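The residues making up each chain are set out below.
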2 protein chains.
Amino acid sequence: MLASAELGQSLSRQSYEAELPALRAKLLQAHLDLRGRKFPVVLIVSGADGSGKGELVHRLNEWLDPRGVETQAFWATSEEERERPPFWRFWRALPGRGRIGILFGSWYTQPIISRVCGETKRDELDSALDRIANFEQMLVADGALFVKLWLHLPRKIQKKRLRKLEDEGRLAPDDWKHFKLYDRFAKVSERALRRTDTGGAPWQVIEATDRRFREFTAGTILLDALRARLDAGPAPAVGKRAPPPAAKPRAGAKSSILDHVDLTPRLTDAEYARQLDNQQAALSKLAWAAHEKKRSMVFVFEGWDAAGKGSAIRRVTQALDPRLYRVVGIAAPTDEERAQHYLWRFWRHLPRAGFTTIFDRSWYGRVLVERVEGFAGVGEWSRAYREINEFEEELVEHGVVVNKFWLQISQAEQLRRFKERQTVAYKRYKITEEDWRNRKQWDDYKGAVDEMVARCGTEFAPWTIVAANDKKFARIQILKTIVDRLRAAL
Amino acid sequence: MLASAELGQSLSRQSYEAELPALRAKLLQAHLDLRGRKFPVVLIVSGADGSGKGELVHRLNEWLDPRGVETQAFWATSEEERERPPFWRFWRALPGRGRIGILFGSWYTQPIISRVCGETKRDELDSALDRIANFEQMLVADGALFVKLWLHLPRKIQKKRLRKLEDEGRLAPDDWKHFKLYDRFAKVSERALRRTDTGGAPWQVIEATDRRFREFTAGTILLDALRARLDAGPAPAVGKRAPPPAAKPRAGAKSSILDHVDLTPRLTDAEYARQLDNQQAALSKLAWAAHEKKRSMVFVFEGWDAAGKGSAIRRVTQALDPRLYRVVGIAAPTDEERAQHYLWRFWRHLPRAGFTTIFDRSWYGRVLVERVEGFAGVGEWSRAYREINEFEEELVEHGVVVNKFWLQISQAEQLRRFKERQTVAYKRYKITEEDWRNRKQWDDYKGAVDEMVARCGTEFAPWTIVAANDKKFARIQILKTIVDRLRAAL
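Residues numbered from 1 in each chain as written. Chains lettered and ligands numbered in written order. Predicted model: local features only at pLDDT ≥ 70, side-chain atom pairs only at ≥ 80, totals over all residues.

### Here we look at the overall build of chain A
Next up, step 1: Each helix and strand in chain A was counted, giving 20 helices and ten strands.
Next up, step 2: What you see for chain A is a C-alpha radius of gyration of 24 Å, in line with the 23 Å of a compact globule of 490 residues.
Next up, step 3: C-alpha atoms of chain A, sized along the principal axes, occupy 70 × 50 × 50 Å.
Next up, step 4: Burial analysis of chain A (490 residues in total) assigns 43% to the buried set.
Next up, step 5: Considering only contacts in chain A between residues 6 or more positions apart, those separated by 24 or more positions represent 82%. (Helix = DSSP H or I, 4+ residues; strand = E, 2+ residues; numbered from the N terminus. Rg over C-alpha atoms; globule rule 2.2 N^0.38 Å. Buried ≥ 20, exposed ≤ 12 C-beta atoms within 10 Å, placed from the backbone. Contact = placed C-beta atoms within 7 Å.)

### Some words on the interface of chain A and chain B
Next up, step 1: Counting residues at the interface gives 45 residues for chain A, matched by 45 residues for chain B.
Next up, step 2: Sorting the residues of the side of chain A that touches chain B by element identifies α4 (88–91), α6 (122–141), α14 (344–347) and α16 (378–397) of chain A as the ones contributing at least two each.
Next up, step 3: Examining the composition of the side of chain A that touches chain B, we find that nine residues originate from one element, α6(A), more than from any other.
Next up, step 4: Class assignment for the residues of the side of chain A that touches chain B results in 15 nonpolar, nine polar and 21 charged. (Nonpolar A, V, L, I, M, F, W, Y, C, P; charged D, E, K, R; others polar.)

### Some thoughts on the confidence of the model for chain A
Residue and element names in this part refer to chain A.
Next up, step 1: The predicted model of chain A averages 89 in pLDDT, with 95% of residues at 70 or higher.
Next up, step 2: Here residues 235–254 is modelled with pLDDT under 50, and outside its nearest four sequence neighbours on either side it reaches 57 contacts, counting other chains as well.
Next up, step 3: In the model output, the complex is listed with pTM 0.75 alongside ipTM 0.71. (pLDDT = per-residue confidence, 0-100.)

### Quick word on helix α20 (residues 471–489) of chain A
Next up, step 1: The first and last C-alpha atoms of α20(A) sit 27 Å apart over 19 residues, in line with the 27 Å expected at 1.5 Å per residue.
Next up, step 2: Within the sequence span of α20(A), burial applies to A:K472, A:F473, A:A474, A:R475, A:I476, A:Q477, A:I478, A:L479, A:I482, A:V483 and A:L486. (Expected span 1.5 Å × (residues − 1).)

### Some thoughts on the sheet that holds strand β6 (residues 297–303) of chain A
Residue and element names in this part refer to chain A.
Next up, step 1: If you trace the five strands from one edge of the open sheet to the other, you get β7-β8-β6-β9-β10, paired in parallel fashion. Strands with a single pairing partner mark the edges of an open sheet, and in this sheet they are β7 (325–329) and β10 (463–467). Strand after strand, the sheet turns through a mean of 20 degrees between neighbouring axes, direction not considered.
Next up, step 2: Here strand β9 (residues 401–408) runs beside β10; their pairing, made up of five bridges, is parallel. The residue bridging K404 from the neighbouring strand is W463, located in β10. (Pairing = 2+ DSSP bridges. Axes fitted to C-alpha atoms, helices over the stretch in contact; angles between N-to-C directions.)

### A closer look at unusual backbone geometry
Next up, step 1: Phi at A:A306 takes a positive value of approximately 70 degrees, unusual for a residue other than glycine.
Next up, step 2: In this structure A:A306 comes out as buried when scored by C-beta crowding, with 23 C-beta atoms within 10 Å.
Next up, step 3: Notably, B:R361 is not glycine yet its phi reads approximately 70 degrees, a positive angle.
Next up, step 4: Within the secondary structure layout, B:R361 lies in the loop between β8 (356–360) and α15 (369–372).
Next up, step 5: Residue B:R361 is classed as partly exposed on the basis of its 17 C-beta neighbours within 10 Å.

This is how it looks when you write it as structure tokens:
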């Protein structure tokens, strides 16, 4: 989830100053509208040291109506607090209905720190996280609106900051020591975010490098969440979750992960032929080795229409013995599948030990086409991220190697391919009215892909975004990724 | 939870034969009504060895429409299954919408057995249980109706059965060895039940001693659950849970825990005076010792109107230094409390280390008066059991000693006391119209108390049901319980 916030996003002073007055006005209005309403807003501000949490809390207090907001900073526990169960301090800090509580530090801090310092084991961290998820779920069921912000500072930015301090002679003695824990902190945080990223209380990761960007983004997220809930009518019936706000392009250009994919690289025919031979040979050997060792593989192929999924899959299967793999193309579900939970149709196709299943489109349809086309309700797709992460975690825990590819092409390249398909007789079957319809919803799909990659790009089952404007380059990238991950797994 | 199913419940052959035809007809009708509906029914049959699970599965198959039900027995895992993630075998066994799946054995079996045999640690058990709770929650959100039955065989019955087998020379070599694990099995099972006893997928514990009773009860529970859901209209909106069926008096006499309380014991004045002195002296000493050791106590007093809560509390506080305790009387919540989650008002009154809070009525109001009077919706009170258990677990984990008392009196005794209150001038303020109204709902309250004691009677925070027809006896019983538990804790 954190990698999705390493895009180098920033907001210029001009844009910030131009857009801020409108944001502040809307935010204040939303806050005033909250007053008569019967739900509390719990706003959690978390993230790495030095990511600007304190500044953000300041800013939010500046923007909101001071009579309806309270900030609770959780520093060292008091004697009063230590004498009671750990959650006592959080209960006393909860905002009442119609109010916003800004939690600066929260129930997440201690479990993460304890694990980073090695004071607790992974099972203990997980228990603590499950307790948190239950706790939040309980408040959500009671009507609370959760906005959970995680300010993420990329490694190299953190390092740059320390270097600068060092040059200026302002480095504190432990600063480099703490920096050494960066990777561990990121890993533990990622786990914490994933396990508590629920439909009712989702996480929002914000790239924290640029002050204007992070503060404007935080304000926008809070506004969207408030507005969505306020406009949804009266407080939802008990037990019914409020839909989280729809993902939106944020302020600032290039805010999409997809915009950051370099689509220019190409391979010559000769280079392609050479690498294809090498990679396929390597994959073939590794696949047999995996079979021997009873390791299974699951590949997921998603991408824009005409991005070249089919032909890429063929370059993978060419390297595999036909006895070892199966390609499962996902179209509309059968009657039997429709009678089950949406994940059921994927569970049934899981490979036996030592075999491979290749999914041509997959369970991600839930958060892509079903979300964009409205086939799944907001409650359904918004809880699917966590369900999918848990599903994939079960696969990986069992030893399955999971590879997920998103084939990225530009809108212009898609148009070129669509037109080619219309003119080349043997390709004409590949292009339908639906493809043209989907193309019109490019931005909606883009937002959905962004959120999918951000929330389901896990350390155990990462997304690989493939630059696919050049099919040859894409195929080699895919083969290489598979070979590398399989080699590492074996 | 299990102790609530040790009441010696049974059903005579006559009653069984008289009532069965109607039950079967209604059950079959409900099953036929299910066919067009868009939700699956997952019926889990679990419990101790020899509790008649197999027989029950047989019976249910006899009673239901064979075209709409499938039984899945989980025995040893197949090679096919072992080669996939553990939940694969369960996914393939899930019933489709409009169908009933009877799971004979389930995802609960392995985690419980592994823990009983000491192959896993408690944290691992908890992780497995949390995964199960999430899994069920996911299916519930998708519309599934869960009916989870636990057949409980009291220890002495199990022993009697083995003795009989031994006498008949039919004892298997390991039978006594397994019996030695009885307590451990009960303890682990109780933990499993508690952590997965959710609003959307609650457990129903059935006393399994008598075949007719357990089968009739199981059929009734299934019928009630089906009927409640079928009659609630079309499948609930996504993300909205179906309300679980209301608790009902089950078939068979004396099915209530409260009916089994012996209300006859009395104390003479002399005996009372002697014991009161002894117990209060002991409590006084122990309270100071607890204060020294920084151990806190939380007492909960609940009971029928006029059961004598106030005077019992006074006998406890007489033994305590006034600096050490606080009595919190729970009436209607304040505005500030109403603006928060219902547990908030109790969290705020938790004692500091070494002190005691006595709650005169408590958080159990949620599942008693609020449930019976309809102040809380079915979604609210049905998820409260788990919320309360988690709350109390947090207290106990922190070292707080939790004592919960239900003061039980007979309806006749209540009437006598009401009348006395009306005639004795200085007691008249104690009796209101509301008391008379509540009295009319005796049976509803009784059902709610039963469910409360069954679902929130945990090993770490047990309920003590106090025979309170004789006030003197009740007070001594309460003092003794507190002294014993405090002594054990110190």
